[in-house]
Amino acid sequence: MLRNDLIRKKGINIALFVFIMLAALLVSSGTRMIMELTSSIHYLFTESKTPHVVQMHAGALDEPKVNEWAQANEMVDQHQIVEMINIDSSHLFFGAEAEKNSIMDIDFVVQNQDFDYLLNLNSEIVQVKDGEIAVPVYYLQKKKLSIGDSVHIKDGTFNRTYTIVDFVRDAQMNPSIIHSKRFVVSPDEFQSLKNNTGETEYLIEFRLKDSRMISDFTQAYQNTSLPNAGPVVNYNLFQLLNALTDGVVAAVIILISLILIVIAVLCIRFTMLATIEEDYREISVMKAIGISERDIRKLYLSKYVVMAGLGSITGFLASLLVNRLFMSNMMLYMGTAPKTWLHYVMTGFAACIIFAIVVFFCNRVLRRFDHISAIEALRSGSLGETRMTSNRLRLSQNRWLAVPVFLGLKEVIQRLKLFRLLLFVFVISSFVMIVPINFHNTLQAPSFISYMGVGRSDMRIDLRHSEDIEQRYAELIDYVQQDNNVLRYSPLVTSQFKVLNSEGSYDHLSVETGDFDIFPLSYVSGAAPKNENQIALSDANSTEMEKKTGDSLVLIINGQEKTMTVSGVYQDVTNGGKTAKARLPYNKDRVLWYVLSLDLKDDGSKISDKIAEYEQAFSPAKVTDLKGYLDQTLGGTIHQLKLITVLALVIAVLVNILITSLFLKMLVAKDSGDIAILRSLGCAISTIKFKYVAMSLIVLGIGILAGTILSNTAGQWLIGAIMASFGASRIVFVIDPLQSYILCPLLLAATIICTALISIQSIKESSISKMIVE
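Now for a look at the structure at hand. Sequence order sets the numbering: in each chain, residues are counted from 1 along the sequence as written. The model is predicted, so local features are restricted to residues of pLDDT at least 70 and side-chain atom pairs to those at 80 or more, both for listing and for counting; the totals for chains, interfaces and linings are taken over all residues. For side-chain calculations, the full set of non-hydrogen atoms in the structure is used, while hydrogens and water are omitted.

Here we come to the overall build of the protein chain. Put simply, DSSP marks the helices as runs of H or I at least four residues long and the strands as runs of E at least two long, and each gets a number from the N terminus on. Summing up its helical and strand segments, the protein chain has 21 helices and 21 strands in all. Of the contacts made within the protein chain by residues no fewer than 6 positions apart, 81% connect residues no fewer than 24 positions apart. Methods summary: accessible areas were calculated by the Shrake-Rupley approach with a probe of 1.4 Å, and residue burial reflects only the protein chains presented. Of the roughly 33700 Å² that the protein chain leaves accessible, carbon and sulfur atoms contribute 57%. Here, residues are in contact when the closest pair of their heavy atoms is within 4.5 Å.

Next up, the structure:
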């Protein structure tokens, strides 16, 4: 019987096998990606000996004072001061074009001696000679560079050409969301750069005896008068930022995997019901001659045990081959940690879960044998799923719908219990398609800038800290005021203030000051600060400080305590999401950066021309448009998510083809008697087929509507939960109506129509004479 069943239903059995394999493949791949991401970050941080606390500093530095304090501090295990030469991006050339529109800070360093090592693609400490350079992997990916390519620096009369000999993995500055990148040169080349171009900046780095001391140590450092003209970053933030791109992708893959598991169970249920419906006479005969329900269950279960086992094993093995596709970005930026037996055990265990779920639900479906008598099975030819509810829809009263459409609608209403399973699959398929598309569109939309704590504007100008920064900033504002092409502008300065924490001591808080009504943000709660007594907190700071809208906090301003009221909470995925906004005079002693945002008049002036004008006038200012800022910051994440979106579309289409095919085959098997009667009454085969197509499309229409609503509610919530760790917990989808409401439904409808027409070919075999013979 099993051999005949496998031969007779090759299409269904192959489809079911492929589906189980696909579910096992994605679950194994998602599990492997999470494990690889965790272990790769740990391996990268271990091999590079990433510092636990880094104080960035621009300006004069009293190095002996820092060394004396660090040596006396019992929490410090190692410390070092890293000197960097910051080069204007317009002076850096990959080929013929300068990096004029880059938002990245270009820093040249030598390899560190004690810790914070910069690694190559083999996770080895980078070593370069005179005339050579090691370039961050960010530029390897963005510029398609290769070993042996040249990098040029041109600053006035100073010209220098380097040959690329390696690419750098930098645990501190790897991700594109961090706007600083370190290039490694030899000590002699570094000295040459220092004497001829750029400005000197410092990283004051510490490794602690116990990483749990990071918070206490940071507070101790900030309470001193040691150099601190720049932000403080720590080990935990480095881990978070490195995990952002691939962590989001892995979470989406796991989400799709979980949905596939649910659909896999339904797929198996449909297949088994279809098989049982076709074999009901054989089942009744076996029961009549005394074969127990347990033995019958074993007979049918053995097929699915073998199929589930082979599908799960094949899916697991296939995941080993396709993992590189999902993990290519992670392997480039972080490398891969040495494999352990645990990697294979956990991914194999994930595949075993699929096997266990399949077998469990097969047993559940086969229990219905216990409730069907042999006499009933022989008499009705049904296993109890064909009961219809009564309704008042009568064909004689139909005035508007075509007869096949009316009959299809009537049957869906009468057999709601049967069709709810197909409806559920269509809802989930729509969800799987629409959520990744909407998330991808949201990341690409100009409005996503608001999730980065930045108001939407045509242009953004960033000034780095330098000795004459105040004068340059004043000149920039004056220049903008006199520019007739500028419609509106907003100067914003980020500086650090001390804030009283719950323990009675002081932490440092990065506060952006200025007018926030010109380029407003969208707030999770509350609104922008309106006066000097109000402050808005980022979502991450609001959670960490346990402050919500209406609460108060204490800042130290000009040596005096000032009580501020939290006016609102906004989202920010940059700088670890730890920012704030207030209408205060900025702290001139602790300025981190200066920003000016502006909109141009709609007078035909091109943004690209304006960018070039301001770059030339205020070099080395970083001048970018909104699209360029988003692309350089989130380009890697968007690219990875695009692959997942395509994968989700393919999976949704395959799931609909498989489930619709299985369902309609089961339905035609159930309805063979009714189909024979309709044919005997003169109904054309095309009319009967149209009825089943109409039934499928009616259920699909309801499923798409419900799936769309679910995508825009539960989907937003799920994406917000994924992004919460990165400072954006309340994502609002940017929806492309053409993609979400027209193209996706049309794709599903076309898939269903084609699948339905192919799946119901057996209608031709139904006839009264065949019923009588049986």
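Using only the protein atoms, space was sampled on a 1 Å grid; points where a 1.4 Å probe fits but cannot get out form cavities, open sets with protein on both sides within 12 Å along at least five of seven lines form pockets, and lining residues are those with an atom within 4 Å of a point. Grid points are joined across faces, edges and corners, and a volume is the space filled by probe spheres set on the points. Under the definition given, this model contains nine cavities of 30 Å³ or more. Roughly 130 Å³ of volume is contained in the largest cavity. Along the wall of the largest cavity there are 14 residues; nearest its centre are Val-454, Gly-455, Leu-492, Glu-512 and Phe-519.

This brings us to a negative patch on the surface. Exposure above 30% relative accessible area and the lack of any salt bridge qualify a residue for a patch; like charges then connect within 9 Å, and the nonpolar side chains Val, Leu, Ile, Met, Phe, Trp and Tyr within 5 Å. By salt bridge we mean one thing: a side-chain nitrogen of Lys or Arg within 4 Å of a carboxyl oxygen of Asp or Glu. Neither His nor the chain ends contribute to the count of charged residues, in which Lys and Arg are positive and Asp and Glu negative. A single reference atom marks each charge: NZ on Lys, CZ on Arg, CG on Asp, CD on Glu. Taken together, the side chains of Glu-199, Asp-468, Glu-475 and Asp-478 make up a negatively charged region of the molecular surface. Considering the arrangement of structural elements, one finds Asp-468 in the loop between β12 (459-463) and α14 (469-481). Burial classification: accessible surface area is computed with a 1.4 Å probe over protein chains only, and a residue below 20% of its type maximum counts as buried, one above 50% as exposed, and the rest as partly exposed. Residue Asp-468 is classed as partly exposed on the basis of its relative accessible area, which comes to 36%.

We now examine helix α20 (residues 737-759). To estimate the expected span of a helix, subtract one from its residue number and multiply by 1.5 Å. Taking 1.5 Å per residue, 23 residues should reach 33 Å; α20 reaches 31 Å between its end C-alpha atoms and fits that length. The axis of α20 is deflected most strongly, by about 30°, at Leu-743, and proline Pro-745 appears within four residues downstream. The inward-facing, buried residues of α20 abut α13 (416-444), α17 (626-670) and α19 (685-723). Counting of polar contacts relies on pairs of N or O atoms within 3.5 Å, with two restrictions inside protein: one atom must be capable of donating a hydrogen and the other of accepting it, and residues adjacent in sequence are counted only when both atoms are side-chain atoms. Where α20 starts, the residue carrying a side-chain oxygen 3.1 Å from the main-chain nitrogen of Leu-738 turns out to be Asp-736. Bend at a given residue is defined as the angle between two axes, one fitted to the seven residues that end at that position and one fitted to the seven that begin there.

What follows concerns the pairing of strand β1 (residues 53-58). Burial analysis of β1 places five of its six residues in the buried class, the great majority of the element. Any two strands with at least two DSSP bridges between them are considered paired. Two strands pair when backbone bridges link them, and β1 and strand β11 (residues 232-234) are joined in this way by three bridges, in the antiparallel orientation. Considered in β11, the bridge of Val-53 is made with Asn-234. Two elements, β1 and strand β10 (residues 199-208), share six bridges in a ladder whose sense is antiparallel. Directly across from His-57, in β10, lies its bridge partner Tyr-202.

Axis lines are fitted to C-alpha atoms, over the contacting stretch for helices. Their N-to-C directions set the angle, which ranges from 0 to 180 degrees. As a packed pair, α19 and α20 sit with axes 10 Å apart at the nearest point and diverge in direction by 150°. In terms of axis orientation, α19 runs roughly antiparallel to α20. The hand of the α19/α20 crossing is right-handed. Each of Val-693, Ser-696, Leu-697, Leu-700, Ile-704, Thr-708 and Asn-712 in α19 lies in contact with α20, whose residues at this interface are Tyr-741, Pro-745, Leu-748, Ala-749, Ile-752, Ile-753, Ala-756 and Leu-757. Lys, Arg, Asp and Glu make up the charged group, whereas Ala, Val, Leu, Ile, Met, Phe, Trp, Tyr, Cys and Pro make up the nonpolar group; the residues left over, Gly among them, are polar. Residue composition of the contact of α19 with α20, grouped by class: twelve nonpolar, three polar and no charged. Each angle receives one of four descriptions, namely roughly parallel if under 35 degrees, roughly antiparallel if over 145, roughly perpendicular if within 65 to 115, and oblique otherwise. Whether a crossing is left-handed or right-handed is set by the direction in which the near helix is turned from the far one by less than a right angle, anticlockwise for left-handed and clockwise for right-handed.

Glancing now at the environment of Tyr-506. Locating Tyr-506 in the fold gives a position in strand β14 (residues 506-513). Along the sequence, Tyr-506 and Gln-219 sit 287 residues apart, while their C-alpha atoms lie 7.3 Å from each other.

The relative placement of two aromatic rings is captured by the distance of their centres and the angle of their planes. Under the pairing criterion, centres of Phe, Tyr and Trp rings, with the six-membered ring standing for Trp, must be within 6.5 Å; the plane angle then separates stacked pairs below 30 degrees from edge-to-face pairs above 60, leaving the rest tilted. Scanning all chains against the criterion turns up 18 aromatic pairs. Here Tyr-139 and Phe-183 contribute two aromatic rings whose centre-to-centre distance is 5.5 Å and whose plane-to-plane angle is 40°, an arrangement assigned as tilted. Separated by 44 residues along the polypeptide, Tyr-139 in helix α4 (residues 137-143) and Phe-183 in strand β9 (residues 180-184) bring together distant segments of the chain. Among the residues examined, Tyr-139 registers a relative accessible area of 0% and is labelled buried. On the accessibility criterion, Phe-183 (0% relative accessible area) is buried. Over the aromatic face of Tyr-570 sits the side chain of Lys-581, whose NZ or CZ is 5.2 Å from the ring centroid. Either the NZ atom of lysine or the CZ atom of arginine qualifies as a charge over a ring when it sits within 6 Å of the ring centre and within 35 degrees of the ring normal.

Attention shifts here to unusual backbone geometry. One non-glycine residue with positive phi stands out, namely Lys-49, at about 50°. Here the phi dihedral of Asp-116 falls at roughly 55°; this positive angle occurs in a residue that is not glycine. A relative accessible area of 1% means that Asp-116 is categorised as buried.

Turning next to the pattern of salt bridges. Summed over all chains, the structure comprises 16 salt bridges. With a shortest N-O distance of 3.9 Å, Asp-551 and Lys-548 are connected by a salt bridge. Owing to a relative accessible area of 22%, Asp-551 belongs among the partly exposed residues under this scheme. One salt bridge connects Glu-613 with Lys-610, and the closest N-O pair in it is separated by 3.0 Å. Of this pair, Glu-613 and Lys-610 both sit in helix α16 (residues 607-617), three residues apart, which is roughly one turn of that helix. A residue is classified by how much of its surface remains accessible, and Lys-610, at 5% relative accessible area, is buried.

The next thing to look at is the nonpolar core. We call a set of buried Ala, Val, Leu, Ile, Met, Phe, Trp, Tyr and Cys residues a nonpolar core when their side-chain atoms join them within 4.5 Å. Counting residues in each nonpolar core, the largest one holds 151 residues, and the members touching the most others are Phe-108, Ile-133, Val-135, Tyr-139, Phe-183, Phe-206 and Tyr-692. If you tally residues by element for this core, the top one is α17, at 19 residues. Core analysis: the second largest hydrophobic core is formed by 24 residues, Leu-16, Ala-24, Ile-268 and Met-272 among them.

The next thing to look at is the packing of α13 against α17. Any two packed helices are characterised by how steeply their axes cross, that is the angle between the axes, and by the distance between the axes. Between α13 and α17, whose axes approach to 9 Å, the crossing angle comes to 165°. Regarding the angle of α13 to α17, the classification is roughly antiparallel. Two packed elements cross with a definite hand, and for α13 against α17 that hand is left-handed. Residue classes in the contact of α13 with α17 are distributed as 22 nonpolar, seven polar and two charged.

A few words on the environment of Ile-254. Here Ile-254 is to be found in helix α7 (residues 235-278). Judged by relative accessible area, Ile-254 falls into the partly exposed class, the value being 25%. Taking C-alpha positions, Ile-254 is 7.4 Å from Thr-31, a pair spaced 223 residues apart along the chain. Ignoring sequence-local partners within four residues, the contact set of Ile-254 consists of Gly-30, Thr-31 and Ile-34.

In this structure, Asn-656 sits in helix α17. Looking at Asn-656, the relative accessible area reads 0%, which means it is buried. Side-chain polar atoms of Asn-656 contact the backbone oxygen of Ala-652, separated by 2.7 Å. If we skip the residues at most four places from it in the chain, Asn-656 touches Phe-426, Ser-429, Ser-661, Leu-748, Thr-751 and Ile-752.

Residue placement: Lys-581 occurs in strand β19 (residues 580-582). The class for Lys-581 is buried, based on a relative accessible area of 4%. In terms of polar contacts, Lys-581 uses its side chain to reach the side chain of Glu-512, at 2.4 Å. Here Lys-581 is in contact with Gly-453, Val-511, Glu-512, Phe-516, Leu-521, Tyr-523, Pro-529, Ile-535, Ala-536 and Tyr-570, once residues within four sequence places are set aside.

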